[in-house]
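Listed here are the chains, written in short residue letters.
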Amino acid sequence: MLPSRAYARNWSRFSRANFSSAVHPVPSSHLTSVSENDVAHFAKFLAPASIISTLSSKPSSAEELDPFNNDWMGRFHGRSTTVLKPKSTSEVSQILKWCNQKRIGVVPQGGNTGLVGGSVPVNDEVVLSLSNLNKVRSFDPVSGILVADAGCILQSLTDYVAPHNHIMPIDLGAKGSCQIGGNVATNAGGLRLLRYGSLHGTVLGLEVVLPDGTILDQLTTLRKDNTGYDLKQLFIGAEGTLGVITGVSILTPPAPQASNNVILALPSFDNVLPLYQTVKRQLSEILSAFEFIDRTAYDLAVKHGQGRALADEETDGAECFVLVETSGGRREHDEEKLNDLLELLLSAEKPLVNTGVLSQSPAQFSSLWALREGVTEAVSKEGKAYKYDISVPLSLFKEVVDNTREHLRSKGLLHDKAVKYVLGYGHVGDGNLHLNIVADAYLPEIESALEPYIYEVVASHRGSISAEHGIGVMKTHALPYSKSAINIELMKKIKHVFDPNGIMNPGKVLG
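These lines cover the structure that appears in this document, whether it is placed above or below.

Cut-offs used in this document
Residues numbered from 1 in each chain as written. Predicted model: local features only at pLDDT ≥ 70, side-chain atom pairs only at ≥ 80, totals over all residues. Heavy atoms only, no water. Phe/Tyr/Trp six-rings, centres within 6.5 Å; stacked < 30°, edge-to-face > 60°. Helix = DSSP H or I, 4+ residues; strand = E, 2+ residues; numbered from the N terminus. Buried < 20%, exposed > 50% of the residue type's maximum accessible area, 1.4 Å probe, protein only. Core = buried A, V, L, I, M, F, W, Y, C linked by side-chain atoms within 4.5 Å. Pairing = 2+ DSSP bridges. Axes fitted to C-alpha atoms, helices over the stretch in contact; angles between N-to-C directions. Left-handed = near helix turned anticlockwise from the far one by under 90°. Contact = heavy atoms within 4.5 Å. Nonpolar A, V, L, I, M, F, W, Y, C, P; charged D, E, K, R; others polar. Salt bridge = Lys/Arg side-chain N within 4 Å of Asp/Glu carboxyl O.

### What to know about the packing of aromatic side chains
Applying the stated criterion across every chain yields a total of 10 aromatic pairs. On the numbers, 6.0 Å between centres and 55° between planes, the contact of Phe 292 with Phe 397 is tilted. In this pair, Phe 292 sits in strand 11 (residues 287-294) while Phe 397 sits in helix 15 (residues 397-410), placing the two residues 105 residues apart along the sequence. Grouping residues by exposure puts Phe 292 and Phe 397 together as buried.

Here it is in structure tokens:
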């Protein structure tokens, strides 16, 4: 058996970066700005605490609006004068009905933890914060079906279903801040997709307020409903461009009775795919996660206090690392399968791994996951990050990272005052690579070197420019690298059917 170690988990919420760079706003000539009269109208049905505005009778300061106008990375910035925080679906309906009549742009915002600027205004649209819609409506412990307001924080829902021996089918590093409505609107993937699938499968129903204020109630708790078009699927991943999700019905799986994880040090990336095949074959139904971390990502996570899974001497000669998680129904059975796997790996004539650490307690289990989940925070502490969330064949993960690094070197941009690190990590189980370029500052020459280079690489392998983060404002120009002209034209027609006045999250997804 591999040695166990006790490591204290060092986790903190995302820290907000300095707002030091700008993304060019997208002109919205068909939309009008919020006026004092509009704010006065909202005040007729919203509580005073539900309005944050520089235009109200008791004006808020610009600083109060900063958290809503800026993303946590400090890359995307808006100029909204008004944030509305409704407490009910009815209030959301009244807001949208008025904004649609007045042609005022609306940006739905959950926890604002996204990575592509999807929840930040591009100009001075109204920000519609769902944070006050935070009640659990119902939970059936027999079926495991949870119905909750869209503003419920993912971690809060996880804590709510835990005493009933269930878990949420989605798990993200930002679970302490992100909201379930935002998760659904962006079709967030995360760390459990390998085991439980995407939200397109686990979301059973939605309550959505359409741009004209109509409330579309599809909040079913049925697992089977084969009666025509499944309209809810249009809103999953639409990023708030078709309407505002206010309620979610979601299937929560039974909590595993036994969970284990192990982090493995690999001498070469070439061993990742054979290791994945071996792990799938040996662990079969109890495999729940298989995460890849390259050496640079691992070192940054350790440097910035996200945990230390292996001693320094054990990481010597390691080119990358893999975190494997198992979740099953009987601890003895699962541990036997895991130990058989480890024995097979370490006794092989040509071992696929150098060494590793197997968790032996809940604290160690959390510590190993903290290392993987903490890469994002470590990157944000190191500098300004250009984040590319792409799908490419598994065999190309390292090649894409290495070629991107060499491409930047050829442009004279690989140095301390420009690009400091190029790293990769991600979900091997679903072919999702997180390619991060860490820079000293956001610079036009860096962006020009990265785009369209990265998108061209993705397109050459028939991959996706966005595996799970969405399009937002960051990737609207790059959509043709993943979608054909026919696809995009149909998407535009769908957008026009639901939102003919173009008020919903303008400048996002389709531009």
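### Considerations on the nonpolar core
Note on soluble globular proteins: their nonpolar side chains tend to be buried together. Residues Leu 264, Leu 275, Phe 290, Val 324, Tyr 388 and Ile 437 are the most contacted members of the largest nonpolar core, which totals 64 residues. Per-element accounting of this core gives the leading share, 5 residues, to helix 9 (residues 272-283). Formed by 30 residues, the second largest nonpolar core is a distinct cluster that contains Phe 139, Leu 172, Phe 235 and Ile 245.

### What about the pairing of strand 15 (residues 419-427)?
Among the 9 residues in strand 15, 7 count as buried, and that is most of the element. Across 3 bridges, the pairing between strand 11 and strand 15 is antiparallel. From the neighbouring strand, Glu 291 faces strand 15, where its bridge partner is His 427. Inspection of the sheet shows strand 15 paired to strand 16 (residues 432-439) by 8 bridges, in the antiparallel sense. Bridge pairing links Val 419 to Ala 439 in strand 16.

### Notes on the packing of helix 9 against helix 12 (residues 331-347)
Relative to each other, helix 9 and helix 12 sit at 145°, their axes nearing to 9 Å. Crossing geometry of helix 9 relative to helix 12 is assigned as right-handed. Counting all contacts with helix 9, which are made through Leu 275, Thr 278, Val 279, Gln 282 and Leu 283, the residues of helix 12 involved are Lys 337, Leu 338, Leu 341, Leu 344 and Leu 345. Split into classes, the residues belonging to the contact of helix 9 with helix 12 amount to 7 nonpolar, 2 polar and 1 charged.

### Focus: the pattern of salt bridges
A full pass over the atoms with the stated rule returns 16 salt bridges. Close ionic contact of Glu 382 with Lys 420 constitutes a salt bridge, the shortest N to O distance being 3.8 Å. Here Lys 420 lies in strand 15 and Glu 382 lies in helix 14 (residues 375-382), a separation of 38 residues in the sequence. The partly exposed category is assigned to Lys 420, whose relative accessible area is 25%. Each member of the salt-bridge network shares a partner with another, and the members are Arg 137, Asp 149 and Glu 207.

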